[in-house]
Amino acid sequence: MSITISFTERAAGQVRALLDREGTTPGAGLRVGVDGDGGGCAGHRYRLAVEPAPRAGDVVTRAADFDVFVAADAVHQFDGMRIDYSESLMSSGFTFYNPHARGHCMCGPSFAPPVQPDGVETSLLQKANVAIQHIRPHLQLVGRDASVVGVADGVVSVRLTGAGLERDADVLELVKTVEQQLKDAVPDVRRVIPASVGR
């Protein structure tokens, strides 16, 4: 079993600083997991921790120049994740871009776990999640964002967030933009509908 987790250079630098501060020994690494009691405004919360060695049954992957430990039963939640580190006047911390999560909160580390549809819909959900990761940076440049919530019969439900979505016409315009780009990337997508809008 394998997993791919990537870090931006800013995030990798923060992890290296954590490992240096902890005075870790060879074999130490960063654990990526989820709080056991759930939590976070979207239902679950990511957890990062420096650990001296992997636990029995862990999947270990190399990211940047350090090891990352993930419990085997959580690999499906984190495979393909990209981790960044952001700083602002209000807060600073790691941010998580997870193609498998069906929703995120604006606070960053909280997420809704992936749905588990069957057959064709599983494939379409995965393709839509991958495609929307390429769309999001363009939306974020104008203060907006979109994430896939679910898929049914070729219809992709998305959560939209950001500035300037007070009017229905603005929401409709953003949905059409996301729909066109998803259709271009994933021909099996028939339609995109807004599951929710956060302002």
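Above this text sits the structure in question.
First, a word on what this report is: a plain description of the structure on this page. Everything numeric in this text was worked out from a predicted model, so none of it was measured.

Our focus in this paragraph is the layout of surface pockets. Computed from the structure, the second largest pocket encloses a volume of approximately 230 Å³. Forming the walls of the second largest pocket are Ser-6, Thr-8, Gly-80, Met-81, Arg-82, Asp-84, Tyr-97, Pro-99, Gln-133, Arg-136, Pro-137 and Gln-140. Looking at the lining of the second largest pocket, the elements with two or more residues in it are β6 (81–87) and α3 (119–140). If you tally residues by element for the lining of the second largest pocket, the top one is α3, at four residues.

The subject of this paragraph is the environment of His-76. You can see His-76 is positioned in helix α2 (residues 75–78). A C-alpha to C-alpha distance of 8.5 Å links His-76 and Ile-3, two positions 73 residues apart in sequence. Here the side chain of His-76 touches Asp-73 through a polar contact of 3.4 Å, landing on its backbone oxygen.

Attention now goes to the packing of aromatic side chains. Using the criterion set out here, one finds four aromatic pairs in the structure. Pairing Phe-7 with Phe-66 gives two aromatic rings, centres 5.1 Å apart and planes at 80 degrees, and the pair type is edge-to-face. Here the residue Phe-7 occupies a position in strand β1 (residues 5–7), and Phe-66 occupies one in strand β5 (residues 66–71), the gap between them amounting to 59 residues. Of the two residues, Phe-7 and Phe-66, both sit in the buried class.

Turning our eyes to something else, we now look at helix α1 (residues 9–21). For α1, with 13 residues, the first-to-last C-alpha span of 18 Å sits near the 18 Å given by 1.5 Å per residue. Taken as a whole, α1 has its buried residues at Ala-11, Ala-12, Val-15 and Leu-19. One face of α1 carries all of its buried residues, which in axial projection span an arc of 100 degrees. Every exposed residue of α1 that faces more than 90 degrees away from the buried side is listed here: Glu-9, Arg-10, Asp-20 and Arg-21. Two residues or fewer past α1, Gly-23 is found with a positive phi of approximately 60 degrees.

Conventions adopted
- Residues numbered from 1 in each chain as written.
- Predicted model: local features only at pLDDT ≥ 70, side-chain atom pairs only at ≥ 80, totals over all residues.
- Heavy atoms only, no water.
- 1 Å grid on protein atoms, 1.4 Å probe; cavity = no way out; pocket = protein on both sides within 12 Å on 5 of 7 lines; lining within 4 Å.
- Points joined across faces, edges and corners; volume = space filled by probe spheres on them.
- Helix = DSSP H or I, 4+ residues; strand = E, 2+ residues; numbered from the N terminus.
- Polar contact = N/O pair within 3.5 Å; in protein donor to acceptor, adjacent residues only side chain to side chain.
- Phe/Tyr/Trp six-rings, centres within 6.5 Å; stacked < 30°, edge-to-face > 60°.
- Buried < 20%, exposed > 50% of the residue type's maximum accessible area, 1.4 Å probe, protein only.
- Expected span 1.5 Å × (residues − 1).
- Arc of directions from axis to C-beta.

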